[in-house]
Amino acid sequence: MRDINGEEFFVGDSLKVIKFAQCGADVQVGDVVECIEDDRTLICRFRNLSTSRTFYYNNDDLQKL
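Residues numbered from 1 in each chain as written. Predicted model: local features only at pLDDT ≥ 70, side-chain atom pairs only at ≥ 80, totals over all residues. Heavy atoms only, no water.

(A) Representation of the packing of aromatic side chains. In total, this model carries three aromatic pairs according to the counting rule given. Between F55 and Y57 the ring centres are 5.8 Å apart and the planes differ by 85°, which places this aromatic pair in the edge-to-face class. On the basis of relative accessible area, F55 is assigned to the buried category, the value being 9%. What links up through ring pairs into an aromatic cluster is the set F9, F46, F55 and Y57. (Phe/Tyr/Trp six-rings, centres within 6.5 Å; stacked < 30°, edge-to-face > 60°. Buried < 20%, exposed > 50% of the residue type's maximum accessible area, 1.4 Å probe, protein only.)

Laid out in structure tokens, this is it:
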């Protein structure tokens, strides 16, 4: 999986939301999320570290920390 900069990340890595995507997820730019599931697509499952909510989000709208 690759982030907004093309850097590879894996399940368990933390990322920061860089761009807001209209995908129904309850996140904001600046939130820190953790990758919890890789389904081998451009959209993976994440957990917001401040709210513990899980959601699917575009990998290329996030930046690896």
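(B) Highlighting the nonpolar core. Formed by 14 residues in total, the largest nonpolar core has its most connected members in L15, V33, C35, F46, F55, Y57 and L62. The set of elements that each furnish at least two residues to this core consists of β1 (14–17), β2 (32–37), β3 (43–48) and β4 (54–58). C35 has contacts with M1, F9, F10, V11, G12, D13, L15, C44, R45 and F46, leaving out every residue within four places of it along the chain. (Core = buried A, V, L, I, M, F, W, Y, C linked by side-chain atoms within 4.5 Å. Helix = DSSP H or I, 4+ residues; strand = E, 2+ residues; numbered from the N terminus. Contact = heavy atoms within 4.5 Å.)

Everything listed here is a matter of geometry and, on its own, says nothing about what the molecule does.
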